[in-house]
Structure formats: C-alpha cells, structure tokens
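Understanding the architecture of this molecule
Listed below are the residues making up each chain.
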Amino acid sequence: MRAWDLVLETAERLAGAGVASPASDARWLVCHVLGCDAAELILRDVSRRECALVAELAERRAAGEPVQYITGQAPFRYEVISVGPGVFIPRPETELLVDEVLTYLADLPPGGRQVVELCAGSGAITRSLAQERGGLVLHAVERSPQAWPWLLQNLERLQVDCRREDMAEAFHDLDARVDVVVANPPYVPGSRRGQLPVEVTHDPEEAVFGGEDGLDVVRVVHAVALRLLVPGGLLAVEHDESQVQDVRALFSEGFTGLRTVRDLAGAPRHLVARRGRIGG
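Reference entry: report on the structure contained in this document. Owing to the predicted nature of the structure, the values given are computational and were not obtained by experimental measurement.

A word on the overall build of the protein chain
Looking only at helices and strands, one finds nine helices and nine strands in the protein chain. Whereas a compact globule of 280 residues would reach a radius of gyration of roughly 19 Å, the protein chain reaches 20 Å, a difference of no more than 12%. Projected onto its principal axes, the C-alpha coordinates of the protein chain cover approximately 70 × 40 × 35 Å. Counting only residues that meet the buried cut, the protein chain has 52% of its 280 residues in that class. Within the protein chain, residue pairs in contact and separated by at least 24 positions form 63% of the contacts whose partners lie at least 6 positions apart. Approximately 12800 Å² of the protein chain is accessible, and the part contributed by carbon and sulfur atoms is 50%.

Let's talk about the sheet that holds strand β3 (residues 113-118)
On the basis of which strands lie adjacent, the open sheet formed by seven strands has the order β5-β4-β3-β6-β7-β9-β8 and mixed pairing. Here the strands that pair on one side only, and so sit at the sheet edges, are β5 (161-163) and β8 (255-262). The mean angle between the axes of side-by-side strands here comes to 15°, regardless of whether they run parallel or antiparallel. Examined bridge by bridge, β8 and strand β9 (residues 268-275) share six bridges and lie antiparallel to one another.

Details of the state of the cysteines
In protein structure, a disulfide is the covalent linkage between the sulfur atoms of two cysteines. Taken as a whole and judged by the stated rule, the model has zero disulfides. The thiol of C31 is unpaired, and the distance to the nearest cysteine sulfur, on C36, comes to 4.3 Å. Judged by relative accessible area, C31 falls into the buried class, the value being 11%. No disulfide involves C119; its sulfur sits 14 Å from the nearest other cysteine sulfur, which is in C162.

Points about unusual backbone geometry
At Q159, a position not held by glycine, the phi torsion is positive, near 55°. Positionally, Q159 belongs in the loop between α7 (148-154) and β5. Of note in this structure, F171 is not a glycine but carries a positive phi near 65°. With respect to the element layout, F171 can be found in the loop between β5 and β6 (178-183).

Digging into the packing of aromatic side chains
Two aromatic rings, taken as a pair, are described by how far apart their centres are and by the angle between their planes. Within the structure shown, the criterion is met by one aromatic pair. Judged by centre distance (5.5 Å) and plane angle (65°), the ring pair of F251 and F255 falls under edge-to-face. Given a relative accessible area of 0%, F251 falls into the buried group. When the ring centre of F88 is taken as origin, the NZ or CZ atom of R91, which lies over that ring, is 4.6 Å away.

Thoughts on the nonpolar core
Core analysis: the biggest nonpolar cluster contains 34 residues, and V101, L105, V115, I125, L129 and V180 have the highest contact counts within it. Mapped by element, the contributors of at least two residues to this core are β1 (73-76), α5 (95-106), α6 (124-132), β4 (136-141), α7, β6 and β7 (229-238). Sorting elements by how many residues they give to this core places α5 first, with six residues.

Here is what the cut-offs are and how they apply
- Residues numbered from 1 in each chain as written.
- Predicted model: local features only at pLDDT ≥ 70, side-chain atom pairs only at ≥ 80, totals over all residues.
- Heavy atoms only, no water.
- Helix = DSSP H or I, 4+ residues; strand = E, 2+ residues; numbered from the N terminus.
- Rg over C-alpha atoms; globule rule 2.2 N^0.38 Å.
- Buried < 20%, exposed > 50% of the residue type's maximum accessible area, 1.4 Å probe, protein only.
- Contact = heavy atoms within 4.5 Å.
- Areas by Shrake-Rupley, 256 points an atom, 1.4 Å probe, with all protein chains shown as cover.
- Pairing = 2+ DSSP bridges.
- Axes fitted to C-alpha atoms, helices over the stretch in contact; angles between N-to-C directions.
- Disulfide = S-S within 2.5 Å.
- Phe/Tyr/Trp six-rings, centres within 6.5 Å; stacked < 30°, edge-to-face > 60°.
- Lys NZ or Arg CZ within 6 Å of the ring centre and 35° of its normal.
- Core = buried A, V, L, I, M, F, W, Y, C linked by side-chain atoms within 4.5 Å.

Here it is in structure tokens:
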C-alpha cells in the first residue's frame, strides 16, 4: 500500500469521527509512524505493521486525543516543541506574541536584554525567542510539576534561567530590571467549562481556566509585570476575545500605549503595552 493512500484512508476515518482537521492530522500521523516528511508520502510504501500502527493512533485521535500528544510534538513558529499529558499544547495564535516581542527588541540597542516569560508551560515562547534573536538574557517560570519536565526538555542547552515556583513571588532579584514580560496565562472563563472543543479538555485545567471570569491569573500577570519591567518596558499578554475591555481596563493602571492585537482568525487576542514611569 502506498503511504498517500493510507493518508486518504485515515483522513476519511477521522472525518467520519468528526475531527476538525482530518486531512492534516492524517498526514501528521502517517509521517510520524514512517519517520518521514509530507513530501515523501507519494513515493513511500507502508507495511502491514505500519498500517496497523497508524490505525491505532487514528483511533486515539478519533476519540479526541490531540494529535500533538499522540506524536509527542507540536510545531511552533520555526521550532518543534516536545509535549505530552500535563503540559499545555502551544497554539498558532500565540506565535503572534513572539512577533510583538521581536519587533520591540529590534528597535533596542543589542546586548543583554532581559526577557521574562510568565506561565511558561512548554517554554515554546522562550525557545522561539532564544532561536530567533541572539543576545537575550532569558528567564521562564512555571509552577506546575507536570509541565516542568517539558519546560526543561524544550529549553535544554539554551541557557535559560528556569524557575519552578509561583510567578507571584518569582524574580524579585529582577524587579525593575526587565525589558520584556510575555505571558500566555490561563484565561478561559470558568463559565465556559463544558463548552470547549474536546481537544482542549486534554490540556491541564490549570493551564486553561482562569477563574469564573477568566482573569484571575491575568491580574497576577499585571502585578508581576508592574514590578519587573523597566520604565518603557514591553508587556505582551494573551487573553480571551471576550475580555478585551476588561483587560485594557486592568492594564491601564501602570501601563501606557495599550494596543490590542488580533489573532489569525481576526479575533482580539493579545494586549501589548508599555510600562509607565515607576511610581507614576
């Protein structure tokens, strides 16, 4: 059997199960089993054993398990992030936060810029910054014991200061010394529990939900960013599309130049702002 025929067969099976992206997921699973990229699928043959393994993985995907957990990998910008149960799967929308940070840093003199990622999870944001911009002093904090091993694995050999603690009490040694604070915190309102796609239910709840209004952790991000950032320093934070006005109101205290950035689907998803004068 040709690999491409197996992709088509698997895609049909996933579509029948209601999977949102059956074609791309089928390619991903077949490439994972064969250890090849998509360009090779037209020419490759598959064995009965490989067909059986793809069928087994497709069954897990049809049941709602994220393809990223099944393969152990998640693409993020130019990187492949290691993921698994216990760590939040990075989404394409969050890649725009990296764009905002890189654009800001491009206008600063090079060398020794301090960047802190709060709620770091898999470390996807910090990994991308480390690979795409040199000369940064990078820090990441994550309190979850389940996510911690994934953070260390993804940031291995990148000379990142990783700390396992509650961000509310982290980095006091960096107070008023940080150039950028970036965060993708848990922000889904608890009132939406039970309304999310089945794939999201596999992410750890503490990385998804942010209290009844979804802003419990965002409020902590605000407080931590206030004490960490230098005057004029950048804050880039992701939020729910329903929270635009509430988030802007929250960060109007201590921050200036507030700007909302829309995600890939056109929904308001990120807030970018600059730290005002200390004490001002």
